[in-house]
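Remarks on the overall topology
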Amino acid sequence: MRFYLFIFFILTSLASSQNRYPQNYFSSPLEIPLILSGTFAELRSNHFHSGMDLKTQHREGFKVLAAAEGYVSRIKVSHYGYGKALYITHPNGYTTVYAHLQKFSPDIEAYVKKHQYSKESYEIELFPKAETLPIIKGSVVAYSGNSGGSLAPHLHFEIRDKSQRPMNPMLFGIDAKDTTNPIISSLYAYPLDGSSFINKSNTKQKLRLIPLDNGNYTTENIEAIGNIGFGIETNDRQDLAANKNGVYNIQTFINGSKNFELDFKRFAFNETKHINQLIDYEHYTQNKQNVQKLFRANNPLSIYKSVINEGILSIEDSTSSVYKIKISDFKNNESWVTVHISGSDKSITKPKTVNTTPYYIYANHSKQLKEGNFSVSFYNNTFYNDFYIDFKVKHDTLVLHKDIVPTQKSFTITYDASAYSNDDKKKLYIAKLVGYKDYPSYLHTKRSGNNLIASSKTLGKFTITSDTIKPQITPFNFKHKQWLSKYRYLKVKIDDQGSGISNYRATVNGKWILMEYDYKTKMLTHDFNDEIVTDTKNNFKLVVIDNVGNSSTFEALFYKK
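Residues numbered from 1 in each chain as written. Predicted model: local features only at pLDDT ≥ 70, side-chain atom pairs only at ≥ 80, totals over all residues. Heavy atoms only, no water.

Moving on: the sheet that holds strand β35 (residues 428–434). Sheet architecture is open: 5 strands sit in the order β32-β33-β39-β35-β36, paired in antiparallel fashion. The outermost strands of the open sheet, each flanked by one partner alone, are β32 (391–394) and β36 (439–442). When strand polarity is set aside, the average angle formed by the axes of neighbouring strands in this sheet is 30 degrees. Two strands pair when backbone bridges link them, and β32 and strand β33 (residues 397–400) are joined in this way by 4 bridges, in the antiparallel orientation. Looking across to β33, one finds that K392 is bridged to V399. (Pairing = 2+ DSSP bridges. Helix = DSSP H or I, 4+ residues; strand = E, 2+ residues; numbered from the N terminus. Axes fitted to C-alpha atoms, helices over the stretch in contact; angles between N-to-C directions.)

Here the structure, examined in full by the defined rule, presents 32 aromatic pairs. Ring centres of Y360 and Y362 lie 4.9 Å apart, and the angle between their planes is 75 degrees; on these two criteria the pair is classed as edge-to-face. On the accessibility criterion, Y360 (27% relative accessible area) is partly exposed. Relative accessible area serves as the criterion here: at 44%, Y362 is assigned to the partly exposed category. Between the aromatic rings of F378 and F411, the centroid separation amounts to 5.1 Å while the plane-to-plane angle is 55 degrees, which identifies the pairing as tilted. Here F411 lies in strand β34 (residues 411–416) and F378 lies in strand β30 (residues 374–378), a separation of 33 residues in the sequence. Of the residues examined, F411 reaches a relative accessible area of 0% and is grouped as buried. One aromatic cluster is present, formed by Y21, Y25, F26, Y94 and F172 through successive ring pairs. Just above the ring of F528 sits the side chain of K560; from NZ or CZ to the centre is 4.7 Å. (Phe/Tyr/Trp six-rings, centres within 6.5 Å; stacked < 30°, edge-to-face > 60°. Buried < 20%, exposed > 50% of the residue type's maximum accessible area, 1.4 Å probe, protein only. Lys NZ or Arg CZ within 6 Å of the ring centre and 35° of its normal.)

Turning our attention to the confidence of the model for the chain. Model confidence for the chain is summarised by a mean pLDDT of 94, while 96% of its residues fall at 70 or above. A low-confidence stretch, residues 1–18 stays under pLDDT 50, and its non-local contacts, those more than four residues away or across chains, total 0 contacts. (pLDDT = per-residue confidence, 0-100. Contact = heavy atoms within 4.5 Å.)

Side-chain pairs of opposite charge can arise whenever the charged atoms involved come near each other. Overall, the coordinates contain 19 salt bridges when judged by the stated rule. Of the charged contacts in the structure, one is a salt bridge between K204 and D280, with a shortest N-O distance of 3.1 Å. With K204 in the loop between β16 (197–198) and β17 (205–207) and D280 in the loop between α3 (275–278) and α4 (281–287), this pair connects stretches of sequence that are 76 residues apart. Taken together, the shared-partner salt bridges in this structure form one network comprising E42, R44 and D53. (Salt bridge = Lys/Arg side-chain N within 4 Å of Asp/Glu carboxyl O.)

Time to look at the environment of N364. As for its placement among the helices and strands, N364 is situated in the loop between β28 (359–361) and β29 (367–371). Setting aside its immediate chain neighbours within four residues, N364 contacts N380 and N381.

Of all hydrophobic cores here, the largest spans 67 residues; its most connected members are I75, L86, I108, F540 and L542. Discounting residues that sit within four places of it in the chain, L542 has contacts with I473, V492, I494, Y504, R505, A506, L524, S552, T553 and F554. I232, F264, Y284 and I303 belong to the second largest nonpolar core, which has 39 residues in total. (Core = buried A, V, L, I, M, F, W, Y, C linked by side-chain atoms within 4.5 Å.)

As for its placement among the helices and strands, R266 is situated in the loop between β22 (257–263) and α3. It is 7.3 Å that separates the C-alpha atoms of R266 and I303, two residues lying 37 residues apart in sequence. In contact with R266, other than residues within four places in its own chain, are R20, F40, D161, R165, P166, M167, S302 and I303. There is a polar contact of 3.2 Å between the side chain of R266 and the side chain of D161. (Polar contact = N/O pair within 3.5 Å; in protein donor to acceptor, adjacent residues only side chain to side chain.)

A word on the side chain of D329. Tracing the sequence through the fold places D329 in the loop between β26 (320–328) and β27 (334–343). For the buried residue D329, which engages in no salt bridge, the nearest side chain bearing the opposite charge is K331, 7.8 Å off. Side-chain polar atoms of D329 contact the backbone nitrogen of K331, separated by 3.0 Å. With sequence-adjacent residues up to four places away left out, D329 is seen in contact with D178, T180, P182, D236 and Y248. (Lys, Arg positive; Asp, Glu negative; His and termini not counted.)

Let's shift gears to the sheet that holds strand β38 (residues 451–456). With antiparallel pairing, 5 strands are arranged side by side in an open sheet as β29-β30-β34-β38-β37. The open sheet terminates on both sides in strands that have one partner only, identified here as β29 and β37 (445–448). Neighbour-to-neighbour, the strand axes of this sheet turn through a mean angle of 20 degrees, independent of strand direction. In this sheet, β38 lies alongside β37 in antiparallel orientation, the contact comprising 4 bridges. Residue pairing in the sheet places K446 in a bridge with I453 of β38.

Here we take up unusual backbone geometry. With a phi angle near 55 degrees, D438 is a residue other than glycine that sits in the positive phi range. D438 gets classed as partly exposed once you look at its relative accessible area, which sits at 28%. With a phi close to 70 degrees, K481 is a non-glycine residue in the positive phi region. Mapping K481 onto the fold places it in the loop between β40 (472–475) and β41 (482–483). The exposure class assigned to K481 is exposed, which follows from its relative accessible area of 53%.

Among the structural elements, S37 can be located in strand β1 (residues 36–38). In the structure, S37 is positioned 340 residues away from S377 in sequence and 40 Å away in space, judged by C-alpha atoms.

Taken across its 8 residues, strand β6 (residues 70–77) has 6 buried, putting it largely inside the fold. Of the pairings in the sheet, the one linking β6 to strand β7 (residues 84–89) comprises 6 bridges and is antiparallel in character. Bridging across to β7, I75 finds its partner in L86. Where β6 folds back onto β7 in an antiparallel hairpin, the turn is made up of 6 residues, including G81, whose phi is positive at roughly 55 degrees.

Here it is in structure tokens:
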């Protein structure tokens, strides 16, 4: 009997290992055909995309269905990021996430608004108990929208494991038609130290891609010596959409042996910041193109697999090598690139010029730089690599290198404002100068005595600026003393030309009312269906505060039966 039990457990374990991702457990969260505008682990600005973006025909209001039974375990409503987001935990330990929603289903919406009114806050995060909001598979839990950081109407959908790590939903059978091979846009070769050269140069080389009849590519032959690596710009397209999506897997081979792999099945949120070390960050900031490095380069990302010698090729003189790159999407559509490498140390003519400065950063050491009224504190492991940093101060402007070096963590900028009067100090803030016009972009600024303190995750130019202008408030769909009986919504537009909106508070007859804020349209909206406004004569008051404390107040009278 024990023998048969042993065999049963072995077979069960084998079956489980062969099918690690339950199939047919999760169903589609939309009733319409699935067309993707974004794929899992797609390269985004400063992060990997943590789910799949499902198109909603340029419209809002499609029913969002629970992908499986479970219970609502988390609800978050925010101005930015995911906007209105719903989290459902399932009996098998996975969690599904539905984001950028227009609104929740009636019972969930009532639960959320009850807590919003209780806390007098639009932004809210709730963790209901398992018995509070049970969910049946296929039931309507929300409606698709465009809230938060969404740039167009769609549904962001995720599946997370027990450790809340996002996983590719396609592993669970959430499917979209794709018969198109990945697209390869460009390929680069990198000498990785001062004694390595490619085509007689110690600098990055763009290789000319030569298309083959079978849809793959080769390149012009290259000469190299020393330690070199490659980087590739590639994306995938679904059959029914023109979006440039992320690929699923990248493998490289040297003389037939695999030496490197990027596997986009799963990642943890605390590692997604390392995307800037995965890509050629300087190339991205200057050209807005994501070139993925096919060598590890001191990067702790978990998506690296089968890495031999960090993916670096050591090319010796008088050798001949064949380097191949295979790019795959989830449906196993493939594109290949072949590079022929000749080892040669002859005619090295272009050594790389190293720009030196008085300031050198050791990545694993802390460092403080100070000049004039500015001081900058870098903590150990702020950066991935050692480098010379450009540090200059002119009047109230700080030049802190260029934004071409990726960071692992934030650094701190401190400004001594003791030369300013107390009244002036209250309106000062630290800003990063962005764009070719050096537009000041507000950094969250704290005050400690005479010091202004802010953090940044990117290098660049910074300045001290002042905001003395109050926020603007403009009624959008009503006028003073107007009857609004036939109106469902009360809408007000708010804006701030300096440090940006920090907070707002709206009341009717002294009672707090919920107003949803859409920062993309700068619109505040109250829904009269909340049934908070019950009087005929109503005094509306709105106070808006910017990030340095400038305040504006708008008051109007309206009537409603």
